[in-house]
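Inside the fold
One letter stands for each residue in the lines below.
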Amino acid sequence: AALARVYADLGRPEEAFVILSRLVQAGPISAAIALDRGTLARRLGRFTLAMECYDAALSLDPDLANAWTGKANLLHEHGNYAEALHCHDHAIARQPDNVEVICNRTATLSRLGRLEEALAESNRALKIAPDDPDAWTTRGCTLVQMEDLEQAMRCFDQALRINPRHRPAFANRASTLATLGKHQEALELFEAALSLAQAYPSELAALHTKKGMLKLMLGDWKGWEDYEH
């Protein structure tokens, strides 16, 4: 399991996943290994398998907050926001001051249109961890939903001041620039986000799609190459 984590940290998730799958074949596994396998499957864009892994982890340890969080994030990514919020609530009941959990719940509340609740949650995350780039990025995304784009950009900028290689801040800043009509700046940021997301296939797909759509909107037919990635 430790070797699998090393491969994952090196940006080699496929190899890490193979190692953990061999452990599964060898016999009973712990909730932690099931969770790690689910995290890798999600990173590789394998929705059904990731869900099976998270459920396996929770069947072994129903109080494993990270498994509730992983399942919630997976459901969120596939548009199952009500179910995702239910899982976030389980996670936050177990780790009420965990900033990552609060940020994840904030994002789902935003998608459900519960924007005032989402903004309050993002403010709570920043009160706990004012230098957390995820907290700033999540607040920015909520403000985008509230159509306060200028304030959202300030949040993304703050996230990048804290961590100049923060993938979500790059991606969301690029999307917001495109909405503001700053198309060339947006394309440059999409390129930067793509370079940072090479080891995350599901993120790459979303970024290529957004970049391709922007190019097509600008009349650059090479955008189809990104759109069809």
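Structure: above.
Because the structure is predicted, anything quoted here is derived from the model rather than measured.

If you tally the helices and strands in the chain, you get 14 helices and zero strands. In sequence order, the chain lays out its α and β elements as α-α-α-α-α-α-α-α-α-α-α-α-α-α. A globule of 229 residues ought to have a C-alpha radius of gyration of about 17 Å, and the chain, at 18 Å, matches this closely. When the backbone C-alpha atoms are referred to their principal axes, the chain occupies close to 55 × 40 × 30 Å. A sequence separation of at least 24 residues applies to 43% of the contacts in the chain between residues at least 6 apart.

We note that Glu147 has phi near 65°; this positive angle belongs to a residue other than glycine. Tracing the backbone through its elements, the reader meets Glu147 in the loop between helix H9 (133–145) and helix H10 (149–162).

Turning our eyes to something else, we now look at the environment of Leu58. Tracing the backbone through its elements, the reader meets Leu58 in helix H4 (residues 47–60). For the pair Leu58 and Pro164, spaced 106 residues apart in sequence, the C-alpha separation works out to 35 Å. If near-sequence neighbours (up to four positions away) are discounted, Leu58 is found in contact with Leu64, Ala67, Trp68 and Lys71.

For the rest of this paragraph, the subject is the pattern of salt bridges. Within the structure shown, the criterion is met by 13 salt bridges. The partner of Asp226 in a salt bridge is Lys211, and the shortest N-O contact between them spans 3.7 Å. A residue pair is termed long-range when its members are at least 10 positions apart, and Asp226 in helix H14 (residues 223–227) and Lys211 in helix H13 (residues 201–217) qualify at 15 residues. Each member of the pair, Asp226 as well as Lys211, carries the same accessibility label: buried. It is possible to trace a salt-bridge network through shared partners that takes in Asp89, Asp97, Arg105, Glu121 and Arg124.

The end-to-end C-alpha separation of helix H3 (residues 31–43) is 18 Å, in line with the 18 Å expected for 13 residues at 1.5 Å each. The element H3 is largely enclosed, with a buried count of ten among its 13 residues. For H3, the complete set of buried residues consists of Ala31, Ile33, Ala34, Leu35, Asp36, Arg37, Gly38, Leu40, Ala41 and Arg43. Just past H3, the residue Gly45 takes up positive phi, approximately 80°.

Next up on the list: the nonpolar core. In terms of nonpolar packing, the biggest core is built from 29 residues, with Leu35, Ala57, Leu64, Ala67, Val99, Ala125 and Ala135 touching the most fellow members. The set of elements that each furnish at least two residues to this core consists of H3, H4, helix H5 (65–77), helix H6 (81–94), helix H7 (99–111) and helix H8 (115–128). Considering every element that reaches this core, the biggest residue donor is H4, with seven residues. Not counting chain neighbours up to four residues away, the residues in contact with Ala125 comprise Val99, Ile102, Cys103 and Ala135. Of all hydrophobic cores here, the second largest spans 25 residues; its members include Met153, Leu160, Leu194 and Leu196.

Taken together, the side chains of Met213, Trp221, Trp224 and Tyr227 define a hydrophobic patch exposed on the protein surface, amounting to about 490 Å² of accessible area. For Met213, the position within the fold is in helix H13.

On to the side chain of Asn104. Looking at where Asn104 falls in the secondary structure, it is placed in helix H7. A relative accessible area of 17% places Asn104 in the buried class. Sequence-distant contacts of Asn104, defined by excluding residues within four places in its chain, comprise Thr69, Asn73 and His88.

Mapping Thr137 onto the fold places it in helix H9. A polar side-chain atom of Thr137 sits 3.4 Å from a polar atom in the side chain of His166. Discounting chain neighbours no more than four positions away, the residues touching Thr137 are Phe156, Ala159, His166, Pro168, Ala169 and Asn172.

On to the environment of Gly223. Tracing the backbone shows Gly223 in helix H14. C-alpha of Gly223 to C-alpha of Cys87: the two residues are 136 residues apart in sequence and 37 Å apart in space. Ignoring any residue separated from it by four or fewer positions in sequence, one finds Gly223 in contact with Gly212, Lys215 and Leu216.

With respect to the secondary-structure elements, Leu49 resides in helix H4. In the structure, Leu49 is positioned 78 residues away from Lys127 in sequence and 36 Å away in space, judged by C-alpha atoms.

Quick notes on the rules
Residue indices begin from 1 for each chain and proceed along its sequence in written order. Only residues with pLDDT of at least 70 get local features here, since the model is predicted, and only at 80 or more are side-chain atom pairs given and counted; chain-wide, interface and lining totals rely on the full set of residues. The side-chain values count all of the structure's non-hydrogen atoms but skip hydrogen atoms and water molecules. Secondary structure is summarised from DSSP: a helix means a run of H or I of at least four residues, a strand means a run of E of at least two, and numbering begins at the N terminus for each. Computation of the radius of gyration draws on C-alpha atoms alone. For the globule rule, the value is 2.2 Å times the number of residues to the power 0.38. Residues count as neighbours in contact if any of their non-hydrogen atoms are within 4.5 Å of one another. Salt bridges are defined as contacts in which a side-chain nitrogen from Lys or Arg sits within 4 Å of a carboxyl oxygen from Asp or Glu. With a 1.4 Å probe rolled over the protein chains alone, any residue whose accessible area is under 20% of its type maximum counts as buried; one over 50% counts as exposed, and the rest are partly exposed. Each residue after the first adds 1.5 Å to the expected span of a helix. Among buried residues, those of type Ala, Val, Leu, Ile, Met, Phe, Trp, Tyr and Cys that are joined through side-chain atoms within 4.5 Å constitute a nonpolar core. To count toward a patch, a residue needs a relative accessible area above 30% and no salt bridge. Like charges then connect within 9 Å, nonpolar side chains (Val, Leu, Ile, Met, Phe, Trp, Tyr) within 5 Å. Residue-level accessible areas treat just the shown protein chains as cover; the underlying method is Shrake-Rupley with a 1.4 Å probe. Between N or O atoms, a polar contact is any pair within 3.5 Å; within protein, one atom must be a potential hydrogen donor and the other a potential acceptor, and residues adjacent in sequence are included only when both atoms are from side chains.

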